[in-house]
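Single-letter residue listing:
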Amino acid sequence: MIVAGPTLKEKNEICHQFVSLLDLAPTFYQLAGIQYPSAYKGNPVFPLKGKSLFPVFSGVKNRVHNDEDVFAMETAGYGMVRKGNWKIVNTERPFEEATFRLYNLSEDPGEQNDLRAIFPEKYNELVAVWRDYAVAVKVRIPPPAAGEGL
């Protein structure tokens, strides 16, 4: 991505910090100088989940997210939670909470070594975050396809 503008730091550098697609909308609102609405036609609007990238672009900060920021998502029966450098992910079908795998992305960015047996407290912490997320956004895991999980 190329970003340019009068208030941005003039450097050609690559940022290796975690960012999310969710960070784009807050960034665009900040760059445009407008506030995200709290209501539309009298109905409350859900707040944006990301953070503006502008503080990094302008040199005020060197990272967008701290180690306490949590990202969770699910799609097509798969799920993941990331908090700091820790991540649980489930890419097995059919989905079962017990098949989440735990990775430390600072040491294993390729997600090759499942650490759930070595760090059960971290694993359980992130599974609890998954449960809260699943309830909050009403996750509906699709049923297994015929013959799946046998």
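Above this text sits the structure in question.
Keep in mind that what you see is a predicted model, and the values were worked out from it rather than measured.

Enquirer: Now, about the overall build of the protein chain: what can you tell me, with residues and values included?
Expert: Looking only at helices and strands, the protein chain features 3 helices and 6 strands. Helices and strands in the protein chain line up, N terminus first, as α-β-β-α-β-β-β-β-α. Split into buried and exposed, the 150 residues of the protein chain put 30% on the buried side. Taking the intrachain contacts of the protein chain between residues at least 6 apart in sequence as the baseline, contacts between residues at least 24 apart amount to 43%. Per element, the accessible surface of the protein chain, about 10,500 Å² overall, is 56% carbon and sulfur.

Enquirer: Quick one: what's the story with helix α3 (residues 120-136), residue by residue and with numbers?
Expert: Taking 1.5 Å of rise per residue, the 17 residues of α3 would be expected to cover 24 Å, and the 24 Å separating its terminal C-alpha atoms lies within 8% of that figure. Of the residues making up α3, those classed as buried are Lys122, Tyr123, Leu126, Val127, Trp130, Tyr133 and Ala134. Along α3, the residues classed as buried sweep out an arc of 130 degrees about the axis, all on the same side. Relative to its buried face, α3 has exposed residues pointing more than 90 degrees away, namely Glu121, Asp132, Val135 and Ala136. Considering only its buried residues, α3 is in contact with β3 (70-75), β4 (78-83), β5 (86-90) and β6 (101-104).

Enquirer: Provide a residue-level description of unusual backbone geometry, including the pertinent values.
Expert: Notably, Lys41 is not glycine yet its phi reads approximately 55 degrees, a positive angle. Judged by relative accessible area, which is 68%, Lys41 ranks as exposed. The backbone of Glu111 sits at a positive phi, close to 50 degrees, despite the residue not being glycine. Looking at the secondary structure, you find Glu111 in the loop between β6 and α3. The class of Glu111 is partly exposed, set by a relative accessible area of 23%.

Cut-offs and rules
- Residues numbered from 1 in each chain as written.
- Predicted model: local features only at pLDDT ≥ 70, side-chain atom pairs only at ≥ 80, totals over all residues.
- Heavy atoms only, no water.
- Helix = DSSP H or I, 4+ residues; strand = E, 2+ residues; numbered from the N terminus.
- Buried < 20%, exposed > 50% of the residue type's maximum accessible area, 1.4 Å probe, protein only.
- Contact = heavy atoms within 4.5 Å.
- Areas by Shrake-Rupley, 256 points an atom, 1.4 Å probe, with all protein chains shown as cover.
- Expected span 1.5 Å × (residues − 1).
- Arc of directions from axis to C-beta.

Nothing here speaks to function; it is geometry throughout.
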